[in-house]
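Read off the chains here:
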Amino acid sequence: MNNHTSVPVGVLGASGYVGQELMRLLAGHPGATVAFATAESAAGEWIEGRRLIRADDAPFAEAEIVLSALPHGVSARYVHEARAGGSRAIDLSADFRLSPDAVYGLTEFTRPRLSDAELVANPGCYPTAALLALIPLARLGLIDASREIIVDAASGVTGAGRNPKRELLFGEVSEDFRAYAAGNTHRHLAELRQSLSREGGFTGDLVFTPHLLPVKRGILETIHVPLTRVLDQATAEGLYAATYDGEPCIHVMHGALPSLKDVVYRNRVALGVVPVADVRRPRLTVIAAIDNLVKGAAGQAIQNMNVMLGLPETAGLVC
Ligand SMILES: NC(=O)c1ccc[n+]([C@@H]2O[C@H](COP(=O)([O-])OP(=O)(O)OC[C@H]3O[C@@H](n4cnc5c(N)ncnc54)[C@H](OP(=O)(O)O)[C@@H]3O)[C@@H](O)[C@H]2O)c1
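Scope of this entry: the structure provided in the associated data block. The structure presented is a predicted model; accordingly, all values stated were derived computationally and were not measured.

This part takes up the site of the ligand. Taken together, 32 residues lie around the ligand, and Gly-13, Gly-16, Ser-93, Gly-161 and Arg-162 are the ones closest in. If you list the elements that add at least two residues to the shell around the ligand, you get helix H1 (17-27) and helix H8 (294-309). Sort the elements by how many residues they give to the shell around the ligand and H1 lands first, with three residues. Residues from two domains meet in the shell around the ligand; each of domain 1 (7-122 + 296-309) and domain 2 (125-293) gives at least three.

Time to look at the nonpolar core. Residues Leu-22, Leu-67, Leu-271 and Ala-288 are the most contacted members of the largest nonpolar core, which totals 98 residues. Among the elements that line this core, the one with the most residues is helix H4 (residues 125-139), at eleven residues. Taken domain by domain, this core gets at least three of its residues from each of domain 1 (7-122 + 296-309) and domain 2 (125-293). Apart from residues no more than four positions distant in its own chain, Leu-67 is found in contact with Val-9, Val-11, Leu-12, Leu-22, Ile-90, Leu-92, Ala-301 and Met-305.

The next point concerns the sheet that holds strand E13 (residues 219-226). On the basis of which strands lie adjacent, the open sheet formed by seven strands has the order E11-E12-E10-E13-E16-E15-E14 and mixed pairing. Edge positions in the sheet fall to strand E11 (178-179) and strand E14 (250-252), since each has one partner strand and no second. Here three bridges tie E14 to strand E15 (residues 269-275), and the two strands are oriented parallel to one another. The partner of Val-252 across the bridge, within E15, is Leu-271. Across the sheet, helix H7 (residues 233-243) lies against E14, E15 and strand E16 (283-290), angled at about 155° from E15, the strand it touches most.

We now examine the pairing of strand E12 (residues 206-212). As paired elements, strand E10 (residues 149-155) and E12 share seven bridges and run parallel to each other. For Ile-149, the partnering residue across the bridge sits in E12 and is Leu-206. Direction of pairing for E11 relative to E12: antiparallel, over a ladder of two bridges. The residue of E12 that forms the bridge with Arg-178 is Leu-212.

Along the chain, the position of Thr-158 falls in the loop between E10 and helix H5 (170-173). Through-space distance from the C-alpha of Thr-158 to that of Lys-216 is 5.6 Å; in sequence the pair is 58 residues apart. With near-sequence residues (within four places) excluded, Thr-158 lies in contact with Tyr-17, Lys-216, Arg-217, Asn-292 and Leu-293.

As a further point, take the sheet that holds strand E1 (residues 7-12). If you walk across this open sheet you meet the seven strands as E5-E2-E1-E6-E7-E9-E8, and the pairing is parallel. Edge positions in the sheet fall to strand E5 (53-54) and strand E8 (103-104), since each of these pairs with one other strand and no more. Pairing of strand E6 (residues 65-68) with strand E7 (residues 88-91) involves four bridges; the strand directions are parallel. Bridge pairing links Ser-68 to Asp-91 in E7.

Let us now look at the pairing of E10. In terms of burial, E10 is a largely internal element, five of the seven residues being buried. Examined bridge by bridge, E10 and E13 share six bridges and lie antiparallel to one another. Residue Ala-154 lies in a different strand from E13, and its bridge partner there is Leu-220.

To continue, consider the packing of H4 against helix H6 (residues 188-200). Relative orientation of the contacting elements H4 and H6 amounts to 30°, with a least axis distance of 9 Å. Considering the angle they form, H4 stands roughly parallel to H6. Note on packing geometry: the crossing formed by H4 with H6 is right-handed. Judged by residue contacts, Tyr-126, Pro-127, Ala-130, Leu-131, Leu-134, Ile-135, Ala-138 and Arg-139 of H4 engage His-188, Glu-191, Leu-192, Ser-195, Leu-196, Glu-199 and Gly-200 from H6. Classifying every residue of the contact of H4 with H6 by side-chain character gives nine nonpolar, three polar and three charged.

Despite not being glycine, Glu-48 has its phi angle at roughly 50°, a positive value. You can see Glu-48 is positioned in the loop between strand E3 (46-47) and strand E4 (50-51). On the basis of neighbour counts, which here come to 16 C-beta atoms within 10 Å, the residue Glu-48 falls in the partly exposed class.

Definitions and cut-offs
Here the residue index of a chain counts from 1 through its sequence in written order. With pLDDT at 70 or above as the cut-off, local features in this predicted model cover only qualifying residues; side-chain atom pairs require 80 or more to be listed or tallied, and sums for whole chains, interfaces and linings still use all residues. Proximity of a residue to a molecule or strand is defined by its backbone-placed C-beta atom lying within 6 Å of that partner. The numbering of helices and of strands both runs from the N terminus, where a helix is a DSSP run of H or I of at least 4 residues and a strand a run of E of at least 2. All the domain ranges listed were derived from an automatic or database domain assignment. Working definition: the nonpolar core is a set of buried Ala, Val, Leu, Ile, Met, Phe, Trp, Tyr and Cys residues, joined through C-beta atoms within 7 Å. Each residue is classified by how many other C-beta atoms fall within 10 Å of its C-beta atom, where C-beta atoms are placed from the backbone; a count of 20 or more means buried, 12 or fewer means exposed, and values in between mean partly exposed. Any residue pair is listed as a contact if its two C-beta atoms, each placed from the backbone, are within 7 Å. Strand pairing is defined by DSSP finding a minimum of two bridges between the two strands. For helices, the fitted line uses only the C-alpha atoms of the stretch in contact; every axis is such a line through C-alpha atoms, and the angle between N-to-C directions lies from 0 to 180 degrees. Here is the rule for angles: anything less than 35 degrees is roughly parallel, anything more than 145 is roughly antiparallel, 65 through 115 is roughly perpendicular, and the remaining ranges are oblique. If you view the pair so one helix is near and one far, a crossing is left-handed when the near helix is turned anticlockwise from the far one by less than a right angle, and right-handed when it is turned clockwise. In this classification, Asp, Glu, Lys and Arg are treated as charged, Ala, Val, Leu, Ile, Met, Phe, Trp, Tyr, Cys and Pro as nonpolar, and every other residue, Gly included, as polar.

Purely geometric stuff here, so don't read any function into it on its own.
Here it is as structure tokens:
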């Protein structure tokens, strides 16, 4: 346990969707207080009782740990500055996810490496759900690497950030549904491949197609997994239940498939499985649901922060 009664935390990018979620979670955290919170265009505004200052004015020395929810490409500079000022850091952008200098913060699988980490790269929202769905099968050698894993994922519009964009206007997304970054062009793929190889030992092909779902928050991934042998429903559910036994933030469903209402506002991934009937080679459909802003971003960052600080892992979180 850390000696402090309340750990001072700096939040970079507190006016964004992820930053706002960090501020909401920190406001209810029993062992942490916000030392400073930054914004760019929204500097001077207030969130959760804190006046937002510019990142260039952040008093890094006042924070024991800095959480960065800045855009990728912008975040790295400020994270380096925070580290130079003596703070530990969790970066929620993509800037350090492929870097050997950071511990990848997929809590359930990298927990032992987090306690002493000085810099943690918080996973992306799509990869968090896909990895928690696939690593259990990969570790048991159940995925047939001669065939592709197909990940069809749909995300609510907060996944694209709060910066105004024409294609995200209500008039464009409402009552519509569309794919984007098709053909394996989404930037999360490299991270997904890296961690599936590192944590699961799987190096086969993946086809990942994201979709834009006209809801505010939540991701649902339908993952078609080629298997090396037939698994019946009870066996498939049983192996997930065994892998995640005692994990507070993973909800393995039995005889049911998850939907967004199982996960929104929770630091949780919900998983459901169903063997595919009437195919010549064995296949399992795994459905994973996650709140992109909570377990997909701010909640997982708080979970990682708790591990880094020796606090109870779910302090301040509803799983
Ligand atoms: N949205 C998600 O579901 C999600 C999930 C996982 C990870 N992430 C990652 O988390 C990070 C934040 O995402 P978001 O969706 O919250 O983005 P966002 O809503 O666009 O927020 C970005 C934040 O960064 C600030 N900012 C922008 N440009 C800046 C600059 N040049 N200097 C200093 N501050 C700057 C913004 O300030 P102003 O708004 O005041 O200008 C805002 O506070 C991104 O790296 C994203 O990839 C997002």
